[in-house]
Amino acid sequence: QVQLVESGGGTVQAGGSLKVTCAASGRTLSTYVTAWFRQAPGQEREFVAAIRWSGGFTYYADSVKGRFTISGDNAKNTVYLQMNSLKPEDTAVYYCATSSSFTMATGWYDYWGQGTQVTVSS
């Protein structure tokens, strides 16, 4: 059984930083694409960043380039999203998910975590 568990969410002031974590069991993340998505109330779930450890591939949404960094720890089978220079518009529930190949479409990810709330106050 594959499980993804996000953690590390919370409330931070605009301009601050937060690091969210995606811990996996039942699937070795280094052999898949792992992505972070986010969803604000009343909005569509949107792609944030993705990583494929094989080949060192990372990809970021334009809205977070230069501010967010996705990384992985193979020994811990964990993917992180370091979020810096946070803005109020970054407020959302952040989800991690895995796919066999890179895509920004939610429908192609087969496993999802439960999400962790990130709130950025102005």
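Residues numbered from 1 in each chain as written. Predicted model: local features only at pLDDT ≥ 70, side-chain atom pairs only at ≥ 80, totals over all residues. Heavy atoms only, no water.

The phi dihedral of N77 is positive, around 50°, even though this residue is not glycine. Tracing the backbone through its elements, the reader meets N77 in the loop between β7 (68-73) and β8 (78-83). On the basis of relative accessibility, which here comes to 15%, the residue N77 falls in the buried class. Although it is not a glycine, S85 sits at a positive phi angle of roughly 50°. As for its position among the elements, S85 is in the loop between β8 and β9 (92-99). (Helix = DSSP H or I, 4+ residues; strand = E, 2+ residues; numbered from the N terminus. Buried < 20%, exposed > 50% of the residue type's maximum accessible area, 1.4 Å probe, protein only.)

We now examine the pattern of salt bridges. Summed over all chains, the structure comprises five salt bridges. Put simply, R38 and D90 hold a salt bridge, and the shortest N to O gap is 2.9 Å. A residue pair is termed long-range when its members are at least 10 positions apart, and R38 in strand β4 (residues 33-39) and D90 in the loop between β8 and β9 qualify at 52 residues. Each member of the pair, R38 as well as D90, carries the same accessibility label: buried. A salt bridge links K65 to D62; the nearest nitrogen and oxygen atoms lie 3.1 Å apart. (Salt bridge = Lys/Arg side-chain N within 4 Å of Asp/Glu carboxyl O.)

Structurally, the position occupied by Q3 is in strand β1 (residues 3-7). Spatially, the C-alpha atom of Q3 lies 29 Å from that of D62, the residues being 59 residues apart in sequence.

Time to look at the packing of aromatic side chains. For the coordinates displayed, the defined rule picks out nine aromatic pairs. Arranged with centres 5.1 Å apart and planes meeting at 65°, the rings of F57 and F102 form a pair that is edge-to-face. Within this pair, whereas F57 is found in strand β6 (residues 57-60), its partner F102 is found in the loop between β9 and β10 (111-112), the two being separated by 45 residues in sequence. Accessibility expressed as a relative area gives 29% for F57, which makes it partly exposed. Among the residues examined, F102 registers a relative accessible area of 28% and is labelled partly exposed. Site record: aromatic cluster; members linked through ring pairs are F37, F47, F57, Y59, Y95, F102, Y109 and W112. The aromatic ring of W112 is capped on one face by R45, whose charged end is 4.9 Å from the ring centroid. (Phe/Tyr/Trp six-rings, centres within 6.5 Å; stacked < 30°, edge-to-face > 60°. Lys NZ or Arg CZ within 6 Å of the ring centre and 35° of its normal.)

We now examine the sheet that holds β1. Read from one edge of the open sheet, four strands run β1-β3-β8-β7, paired in antiparallel fashion. Taken across any chain shown, the strands that pair with only one partner, and hence form the sheet edges, are β1 and β7. In this sheet, adjacent strand axes meet at a mean angle of 15° when their direction is disregarded. Relative to β8, strand β3 (residues 18-25) runs antiparallel, the two sharing six bridges. In the sheet register, A23 faces β8, and the bridge partner there is T78. (Pairing = 2+ DSSP bridges. Axes fitted to C-alpha atoms, helices over the stretch in contact; angles between N-to-C directions.)

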